[in-house]
Amino acid sequence: MSNSAREYLSSGPRFDEGEVIERIESFRRRRPRLLDDHVTLAHGAGGKASAALVDAVFVEAFRNPVLESLGDGAVLALPSGERLAMSTDSFVVAPRRFPGGSIGQLAVHGTCNDLAMAGAVPSWISAAFVIEEGFAVAELKEIVADMAAAAAAAGVQIVTGDTKVVPKGAADGLFVTTTGAGVVPAGRTLSPASVRPGDTVLLSGSIGDHGMAVMLARGDLAIEADIASDTACLSPLVELLLAAAPSTRWMRDATRGGMGTVCNELAQACGLGVLLDEERLPVRPTVTGACELLGIDPLYVANEGKFVAVVAPDEADAGLAALRSHPLGAEAAQVGEIVTEPAESVVLRTGFGGTRIVDMLVGDPLPRIC
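Residues numbered from 1 in each chain as written. Predicted model: local features only at pLDDT ≥ 70, side-chain atom pairs only at ≥ 80, totals over all residues. Heavy atoms only, no water.

Where an unreviewed UniProt entry is consulted, the protein chain appears under the name Hydrogenase expression/formation protein HypE, with the organism given as Mycobacterium alsense. Here the protein chain is described in UniProt, under the heading Sequence similarities (unreviewed entry), as follows: "Belongs to the HypE family." (UniProt positions renumbered as here; feature names shortened; annotations may be inferred.)

Quick look at the structure:
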């Protein structure tokens, strides 16, 4: 535990939840400004450019308290008193099939995971398909079969959808959009406003597998490596963690922009700092090697079967043990802690004993990885 975290815990809380919410609102007022006249691939990479586009165009037009939480899913209060989580995502990955998965599996897993990160139990999915004229029916059947198998394994039903066919050249083969819904159990609340200095940061497993698998599958780099996507439904793993660590503060699956960007979003939203330990970060040697050849930091590489969780320090050991008890969390690790300084920043303690700032992703190192 850092000195700043110890000082916080010994002196008691320095601000209440209202002050944390004010910090979150202050962060949103200071998010990157959209200075571009045209949309670029960087706007879809999940980093600074994405945040600027979302704020200046979509949040500005649709502004409401639920949307402004800027989570991967919305938690809605029903008249009955129950809470429903809802999430929408689009999948445009190229190639559509890659080691360890396919666009069909991603479509189901990605939506289920967004719901699970909101604390919900995924139950229903809607699926929409934009199909380019000339697309092979045999491949379409394979992708739909992948979706059906993934949904059955995740315990969700695909209950409605839509299909559009566009002229040749108007789409790159096939785009899939899914919307999911699930019920949030009573008493379960996950929010950046709950995060406190001294909290522990857990990571459910090795990072960078999915992004590198997709990148190498394109065949443009003449690099061969035994790397498979980690795409998976994380709901069972989340339920194990929440049972063992019921005071879990916040969770997020580290997809576009990777763990580095996700931790920056957390730090800026809660007004605190995230201190990561480089030597504790699980990265497979093959992923490390591929990233070094390409000049890419694994912290920014997308994952589709890993999540970051902030848990209360007295529940960290139990939470970690619960994660490691499941095959999807066998490589889970305690990778850092929440600190007071430097506020709204992510710092990496390196293996050489120094530190460096981990900024939010800039640019687009891995286009179309989901």
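Moving on from the model shown.
Attention now moves to the packing of helix 4 (residues 103-117) against helix 5 (residues 137-154). Here helix 4 crosses helix 5 at 35 degrees, and the two axes come no closer than 7 Å. Helix 5 is crossed by helix 4, and the crossing has right-handed handedness. Contact with helix 4, carried on its side by Ile103, Gly104, Gln105, Ala107, Val108, His109 and Cys112, involves Ile143, Asp146, Met147, Ala150, Ala151 and Ala154 of helix 5 and no other residues of that element. (Axes fitted to C-alpha atoms, helices over the stretch in contact; angles between N-to-C directions. Helix = DSSP H or I, 4+ residues; strand = E, 2+ residues; numbered from the N terminus. Left-handed = near helix turned anticlockwise from the far one by under 90°. Contact = heavy atoms within 4.5 Å.)

On to unusual backbone geometry, then. That bond from alanine 94 to proline 95 is cis: its omega, 0 degrees, falls within 30 degrees of zero. Note on placement: proline 95 falls in the loop between strand 2 (83-91) and strand 3 (97-98). Looking along the chain, the bond that leaves glutamate 341 and enters proline 342 is cis, with omega of 0 degrees. Although it is not a glycine, glutamate 344 sits at a positive phi angle of roughly 60 degrees. Tracing the sequence through the fold places glutamate 344 in the loop between strand 12 (333-339) and strand 13 (346-349).

Attention now goes to the packing of helix 6 (residues 209-217) against helix 9 (residues 285-294). As a packed pair, helix 6 and helix 9 sit with axes 10 Å apart at the nearest point and diverge in direction by 60 degrees. Classified by the angle their axes make, helix 6 and helix 9 are oblique. For the crossing formed where helix 6 meets helix 9, the hand is left-handed. For the pair helix 6 and helix 9, the contacting residues are Asp209, Met212, Met215 and Leu216 in the first and Val287, Ala290, Cys291 and Leu294 in the second. (Parallel < 35°, antiparallel > 145°, perpendicular 65-115°, else oblique.)

Our next topic: the sheet that holds strand 8 (residues 200-203). Pairing within the open sheet is mixed, and its 7 strands lie in the order 9-11-8-12-10-13-14. Because the sheet does not close on itself, it has two edges, and the strands there are strand 9 (250-253) and strand 14 (355-357). Adjacent strand axes in the sheet meet at a mean angle of 25 degrees when their direction is disregarded. Here strand 8 runs beside strand 11 (residues 307-311); their pairing, made up of 4 bridges, is antiparallel. Within the sheet, the bridge partner assigned to valine 201 lies in strand 11 and is valine 310. Sheet strands in contact with helix 4 are strand 9 and strand 11, and its direction is about 170 degrees off that of strand 9. (Pairing = 2+ DSSP bridges.)

The subject of this paragraph is the sheet that holds strand 2. Strands sit in the order 1-2-7-5-6 across an open sheet of 5 strands; the sheet is mixed. Edge positions in the sheet fall to strand 1 (74-77) and strand 6 (157-166), since each has one partner strand and no second. The average undirected angle you get between the axes of adjacent strands in this sheet is 20 degrees. Sheet analysis places strand 5 (residues 121-132) next to strand 7 (residues 174-184), joined by 10 bridges and oriented antiparallel. Paired with phenylalanine 129 across the bridge in strand 7 is valine 176. Against the sheet, helix 4 engages strand 2, strand 5 and strand 7, with an angle of about 150 degrees to strand 2.

As a further point, take the nonpolar core. When a protein is soluble and globular, its nonpolar side chains tend to lie buried together. The biggest cluster of nonpolar side chains holds 28 residues, and the ones touching the most others in it are Met259, Val274 and Leu276. Counting residues per element, this core draws most heavily on helix 8 (residues 258-270), which supplies 6 residues. Contacts of leucine 276, omitting those with residues within four sequence positions, involve Val201, Met259, Cys263, Val335, Gly336, Val346, Val347, Leu348 and Arg349. Listed in part, the 25 residues of the second largest apolar core include Val93, Cys112, Phe129 and Cys370. (Core = buried A, V, L, I, M, F, W, Y, C linked by side-chain atoms within 4.5 Å. Buried < 20%, exposed > 50% of the residue type's maximum accessible area, 1.4 Å probe, protein only.)

With that settled, consider a nonpolar patch on the surface. Taken together, the side chains of Val54, Val57, Phe58, Phe62 and Leu67 make up a nonpolar region of the molecular surface, amounting to roughly 410 Å² of accessible area. On the secondary structure map, valine 57 appears in helix 3 (residues 48-62). On the accessibility criterion, valine 57 (37% relative accessible area) is partly exposed. (Patch = residues over 30% accessible without salt bridge, like charges linked within 9 Å, V, L, I, M, F, W, Y side chains within 5 Å. Areas by Shrake-Rupley, 256 points an atom, 1.4 Å probe, with all protein chains shown as cover. Salt bridge = Lys/Arg side-chain N within 4 Å of Asp/Glu carboxyl O.)

For strand 5 and strand 6, the ladder comprises 9 bridges, and the chain directions are parallel. Bridged to isoleucine 131 within strand 6 is valine 165. Handedness of the strand 5-helix 5-strand 6 crossover: right-handed. (Right-handed = clockwise from strand over helix to strand, strands pointing away.)

On to the pattern of salt bridges, then. Opposite charge on two side chains allows them to pair when their charged atoms are near. Per the stated rule, a full pass over the model turns up 15 salt bridges. A salt bridge links aspartate 199 to arginine 249; its shortest N-O distance comes to 3.0 Å. Placement of the pair is aspartate 199 in the loop between strand 7 and strand 8 and arginine 249 in the loop between helix 7 (235-244) and strand 9, with a sequence separation of 50 residues. Exposure class is identical for aspartate 199 and arginine 249. Each is buried. Aspartate 230 serves as the salt-bridge partner of lysine 306, at 3.1 Å between the closest nitrogen and oxygen. With lysine 306 in the loop between helix 9 and strand 11 and aspartate 230 in the loop between helix 6 and helix 7, this pair connects stretches of sequence that are 76 residues apart. Aspartate 230 shares its class with lysine 306; the two are buried.

Relative to strand 13, strand 10 (residues 273-277) runs parallel, the two sharing 4 bridges. Bridged to leucine 275 within strand 13 is valine 347. The sheet contact formed by strand 13 and strand 14 spans 3 bridges and is antiparallel. Bridge assignment links leucine 348 to a residue of strand 14, and that residue is arginine 356.

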